[in-house]
Amino acid sequence: MKSKGKYYLTTAIAYTSGKPHIGNSYEIVLADCIARYKRADGYDVRFQTGSDEHGQKIETRAIEEGESPREFVDETAGTIKHLWDLMNTSYDRFIRTTDVDHEKQIQKIFKKLYDQGDIYKGAYEGLYCTECEAFYTKSQVTEDGCCPVCGGKVHPEKEEAYFFKMSKYADRLIEHINTHPEFIQPVSRKNEMMNNFLLPGLQDLCVSRTSFKWGIPVDFDPDHVVYVWLDALSNYITGIGYDADGNSSDMYKKYWPADLHLIGKDIIRFHTIYWPIFLMALGEPLPKQVFGHPWLLQGGEKMSKSKGNVIYADDLVDLFGVDATRYFVVHEMPYENDGVITWELLVERINSDLANTLGNLVNRTISMSNKYFDGVVSDKKVTEPVDDDLKSVVTGAYEKVERHMDELRVADALSEIFAVYKRLNKYIDETEPWVLAKDEAKSDRLATVLYNLTEGIVMATSLLAPFLPDTGERIAKQLNTELRDFETLDTFGMYPDGNKVTDTPEILFARLDMEETLKKAEEVQAKQRAEFFEHQKKARKNLVAAGRMTEEEAKAQEAEEAKALGGAKGASEEAGIDIEPKEEITFDDFGKMQFQVGEIIACEEVPKSKKLLCSQVKIGSQTKQIVSGIKKYYSAEEMVGKKVMVLVNLKPAKLAGVLSEGMLLCAEDAEGNLALMTPEKPMPSGAEIC
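Because the structure is a prediction, the values reported are computed rather than measured. (Residues numbered from 1 in each chain as written. Predicted model: local features only at pLDDT ≥ 70, side-chain atom pairs only at ≥ 80, totals over all residues. Heavy atoms only, no water.)

**Student:** Looking at this structure, I do not really get the overall build of the chain. What am I missing?
**Tutor:** The helix and strand inventory of the chain stands at 24 helices and 26 strands. Each principal axis of the C-alpha atoms in the chain carries an extent, and together these give about 90 × 80 × 40 Å. Taking all 690 residues of the chain together, 53% fall into the buried category. Sequence-distant contacts, at least 24 apart, represent 75% of the contacts inside the chain between residues at least 6 apart. Taken as a whole, the chain presents about 31,000 Å² of accessible surface, with 49% of it coming from carbon and sulfur. When the 84 positive and 114 negative side-chain charges of the chain are each reduced to one mean point, those points stand 1 Å apart. (Helix = DSSP H or I, 4+ residues; strand = E, 2+ residues; numbered from the N terminus. Buried < 20%, exposed > 50% of the residue type's maximum accessible area, 1.4 Å probe, protein only. Contact = heavy atoms within 4.5 Å. Areas by Shrake-Rupley, 256 points an atom, 1.4 Å probe, with all protein chains shown as cover. Lys, Arg positive; Asp, Glu negative; His and termini not counted. Charge placed at Lys NZ, Arg CZ, Asp CG, Glu CD.)

**Student:** Is there a simple way to explain the packing of helix α14 (residues 385-395) against helix α16 (residues 410-431) in this structure?
**Tutor:** A packed helix pair is summarised by two numbers, namely the angle formed by the two axes and the spacing between the axes. At their nearest, the axes of α14 and α16 sit 10 Å apart, and the two run at 170 degrees to each other. In this view, α14 runs roughly antiparallel relative to α16, as classed from their interaxial angle. Contacts from V386, D387, D389, L390, V393 and V394 in α14 reach V420, R423, L424, Y427, E430 and T431 in α16. (Axes fitted to C-alpha atoms, helices over the stretch in contact; angles between N-to-C directions. Parallel < 35°, antiparallel > 145°, perpendicular 65-115°, else oblique.)

**Student:** Sorry if this is basic, but what is going on with the packing of helix α2 (residues 56-65) against helix α3 (residues 69-86) here?
**Tutor:** Orientation of α2 relative to α3, taken along the N-to-C sense of each, is 95 degrees, at an axis distance of 8 Å. Classified by the angle their axes make, α2 and α3 are roughly perpendicular. Note on element contacts: α3 touches α2 through P69, F72 and V73, opposite I58, R61, A62 and E65. Partitioned by chemical class, the residues of the contact of α2 with α3 number five nonpolar, no polar and two charged. (Nonpolar A, V, L, I, M, F, W, Y, C, P; charged D, E, K, R; others polar.)

**Student:** Would you explain the sheet that holds strand β24 (residues 663-664) in this entry?
**Tutor:** Two strands in a sheet stick together by hydrogen bonds in their backbones, pointing the same way (parallel) or opposite ways (antiparallel). Strand order in the open sheet formed by five strands is β20-β19-β18-β21-β24, with antiparallel pairing between adjacent strands. Whereas interior strands pair on both sides, the edge strands pair on one side only; in this sheet they are β20 (622-628) and β24. Direction of pairing for strand β21 (residues 643-647) relative to β24: antiparallel, over a ladder of two bridges. Among the inter-strand pairings, V646 is bridged to a residue of β24, identified as L664. (Pairing = 2+ DSSP bridges.)

**Student:** I tried to follow unusual backbone geometry on my own but got confused; where do I start?
**Tutor:** Glycine aside, a negative phi is what most residues show, and trans is what most peptide bonds show. That bond from Q185 to P186 is cis: its omega, -10 degrees, falls within 30 degrees of zero. A cis amide bond, omega 10 degrees, links W256 with the succeeding residue P257. Considering the arrangement of structural elements, one finds P257 in the loop between α9 (250-255) and β12 (260-264). Here the phi dihedral of D374 falls at roughly 55 degrees; this positive angle occurs in a residue that is not glycine. Inspection of the secondary structure assignment puts D374 in the loop between α13 (343-373) and β16 (376-377). Residue classification places D374 among the exposed positions, given a relative accessible area of 58%. A positive phi is found at K381, a non-glycine position, where the angle reads about 60 degrees. As for its placement among the helices and strands, K381 is situated in the loop between β16 and α14.

**Student:** It is not clear to me how a nonpolar patch on the surface should be interpreted in this structure. Could you clarify?
**Tutor:** On the surface, a cluster of nonpolar side chains totalling about 280 Å² of accessible area is made up of I585, F590 and M593. Summarising the element assignment, M593 is placed in the loop between α23 (587-591) and β18 (595-605). (Patch = residues over 30% accessible without salt bridge, like charges linked within 9 Å, V, L, I, M, F, W, Y side chains within 5 Å. Salt bridge = Lys/Arg side-chain N within 4 Å of Asp/Glu carboxyl O.)

**Student:** Explain the pattern of salt bridges to me, please; I cannot follow it from the model alone.
**Tutor:** Side-chain pairs of opposite charge can arise whenever the charged atoms involved come near each other. One pass over the structure, following the stated rule, counts 42 salt bridges. Between D314 and K19 there is a salt bridge, with the nearest N and O atoms lying 2.8 Å from each other. Of this pair, D314 sits in helix α11 (residues 313-320) while K19 sits in the loop between β2 (14-15) and α1 (22-40), and the two are 295 residues apart along the sequence. With a relative accessible area of 18%, D314 lands in the buried category. D243 serves as the salt-bridge partner of K108, at 2.6 Å between the closest nitrogen and oxygen. Linking K108 in helix α4 (residues 100-115) with D243 in the loop between α8 (235-238) and α9, this pair joins segments that are 135 residues apart in sequence. Connected via shared salt-bridge partners are E53, R70, D74 and R96.

**Student:** Would you mind going over the nonpolar core with me for this structure?
**Tutor:** Where a protein is soluble and globular, its nonpolar side chains tend to be buried together. By size, the foremost hydrophobic cluster in this structure holds 94 residues, and its most contacted members are L9, I22, I34, I341, Y421, L463 and F467. Among residues more than four places away in sequence, those in contact with I22 are L296, M303, I311, Y312, A313, L316, T325, V329 and I341. Formed by 70 residues, the second largest nonpolar core is a distinct cluster that contains L113, I119, C132 and I273. (Core = buried A, V, L, I, M, F, W, Y, C linked by side-chain atoms within 4.5 Å.)

**Student:** What should I look at first to understand empty space enclosed by the protein in this one?
**Tutor:** One way to see where empty space is left: roll a probe the size of a water molecule over the atoms. Taken as a whole and judged by the stated rule, the model has two cavities of 30 Å³ or more. Volume-wise, the largest cavity comes out at about 80 Å³. Together, Y26, L30, F291, V330, M333, P334, Y335, L408, R409, V410, A411 and D412 line the largest cavity. If you list the elements that add at least two residues to the lining of the largest cavity, you get α1 and α16. Ranked by residues supplied to the lining of the largest cavity, first place goes to α16 with three residues. Residues belonging to the lining of the largest cavity are distributed by class as follows: ten nonpolar, no polar and two charged. (1 Å grid on protein atoms, 1.4 Å probe; cavity = no way out; pocket = protein on both sides within 12 Å on 5 of 7 lines; lining within 4 Å. Points joined across faces, edges and corners; volume = space filled by probe spheres on them.)

**Student:** Teacher, can you tell me more about the side chain of Q185 here?
**Tutor:** Relative to the helices and strands, Q185 is located in strand β8 (residues 184-185). The exposure class of Q185 is buried, given its relative accessible area of 14%. Among the polar contacts listed, one links the side chain of Q185 to the side chain of Y335, at a separation of 3.3 Å. In contact with Q185, other than residues within four places in its own chain, are Q289, V290, F291, G292 and Y335. (Polar contact = N/O pair within 3.5 Å; in protein donor to acceptor, adjacent residues only side chain to side chain.)

**Student:** Honestly, the sheet that holds strand β9 (residues 205-206) in this entry has me stumped. Any pointers?
**Tutor:** Read from one edge to the other, the open sheet built from four strands follows the order β6-β5-β7-β9, with strand pairing classed as antiparallel. Unpaired on one side and paired on the other, β6 (134-136) and β9 mark the two borders of the sheet. Here strand β7 (residues 155-164) pairs with β9 via two bridges, running antiparallel. Of the residues in β9, the one forming a bridge with F163 is C206.

**Student:** Honestly, the environment of S249 in this entry has me stumped. Any pointers?
**Tutor:** Note that S249 resides in the loop between α8 and α9. According to the relative accessible area criterion, S249 is partly exposed, its value standing at 26%. Each C-alpha atom, one on S249 and one on A667, is 61 Å from the other, the two residues being 418 residues apart in sequence. Contact partners of S249, with chain neighbours within four places excluded, come to I240 and G241.

This is the structure we're talking about:
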């Protein structure tokens, strides 16, 4: 295939404050679809992603976990990279802002900008959002004094800092945006940046901090660390060999400027104002395009751990598979407006598009070839007018897909491909191969129909493969062929005449039962809620111990959390969290609870759980299986033989996929240590606790 030149694509680097949810994972999947498509289309692609690992929020998160910042980011960056790999993304480099080559260049960039007068030392006093690592003026925060991006609380900050002279380059940036209409996409993002930030006038930007230490030190003034956005944004050039001293690598000279920065709409300001101005000051070309994609919302709401509505990519993969998850997040995201994800919609889309439109088409075609011709696919060239329309749709698909991909309307491109599959299904209905098979005189016509179907599937799947790479390979293997180069997709009839398809077609996507899938989804989210409550409790204790939070603040936060969570009582019981305040109960209410002495006769660790033990507890003449979050305090071996107090009539629930039929009673001290409640004197199994 003739080379179309280079194409350098980046995603925003994921912030290592926690595990990315499916809305964050959407970006890497979208970028991978673009990268794979461009490679298949003849481009020399460089695809970079990574993790953003410095800043005050990271320092705080590490304290919450009882770890050093380095330990915390190593663990979290590993989680991010695992998710990106799980989603089958084909990045060329996963850069970390703690990488030595990156940190060295950030110090050199800072010094260069300082030496040429673009950075100066001063003092900052203003409003700061720790969550977004961003400063705001009073006019920029919301009416109730919150961050305009995340909605969280801002607080006054005053400290010595270095500043970048943003206004020096503002007019030049405005001119660039006006003369390069493709630079910021969609257009609504461009209008927002111009009207809300550039035209009212830019203030100088704080580019160093002294109130925390987890960052890249300013080498000539080590009391300061480099502000996270100057650090993070520069990864796009340091990751391909930029050198501030003028000794940049051949890779940098080949791939810069970037053809596309793919980012979320919430960080568009940093990428379309701060980043191009930094590049102007460095004397480097600006990226060709910055695309601020919309958000993926859970049932119309932003995902929040406290709401219990977060969905993670690995959970979706466990339930639906990688390609089904890739298909959904790309197909359901509009070009400009926010997309919606629900468990019900996932099931409906997988059943209708993947199992029926695509999977059934491939399976029927291969099965008919085997049934009527022992799997041999031959073009007998017995054509009818209906064939012409089919061939027109198939050979015209590439041009339509290409146009959508050039405009980054990736969901529309995917819809065009599935329009071909739908046309092929319609062709089956039009030609009725099962009717043709009844007339031996029409054998050659039947063979031609099956050839056309096979060829059409190969051509459409060649376009599908960048979006669903594993599915593309599986279809090609079943049809005993290679996927087609894009430059040949205007030619119908290249499938080898007389080729033999597989004897046993496999099911590409199984149909899902809605009720069963929703039940599994609820189990997943109940587990997540339980883990969230447990984490919050641990985080508060660590913050209090580190002097970052008072006992009063911790209690107030716990009460506020209990109020906000409201109906999540069941999930809190799974986590072993006591939500305060609790309502008073009557003696009759208490009488509904059945407490008995139990004897643990067997115990084992719950697979893939760091916290849970599964005990078989003999209670009188019956044995119950009970899952408890006490693995940190008891080994499975030492549990066996213990007499314990059991809440016997707790409604059964699944924890980490394991059924639990009761609750072992424990006591907890101020440090969070747990101890099983056991009878003071020897008591028989089954004795009532009253």
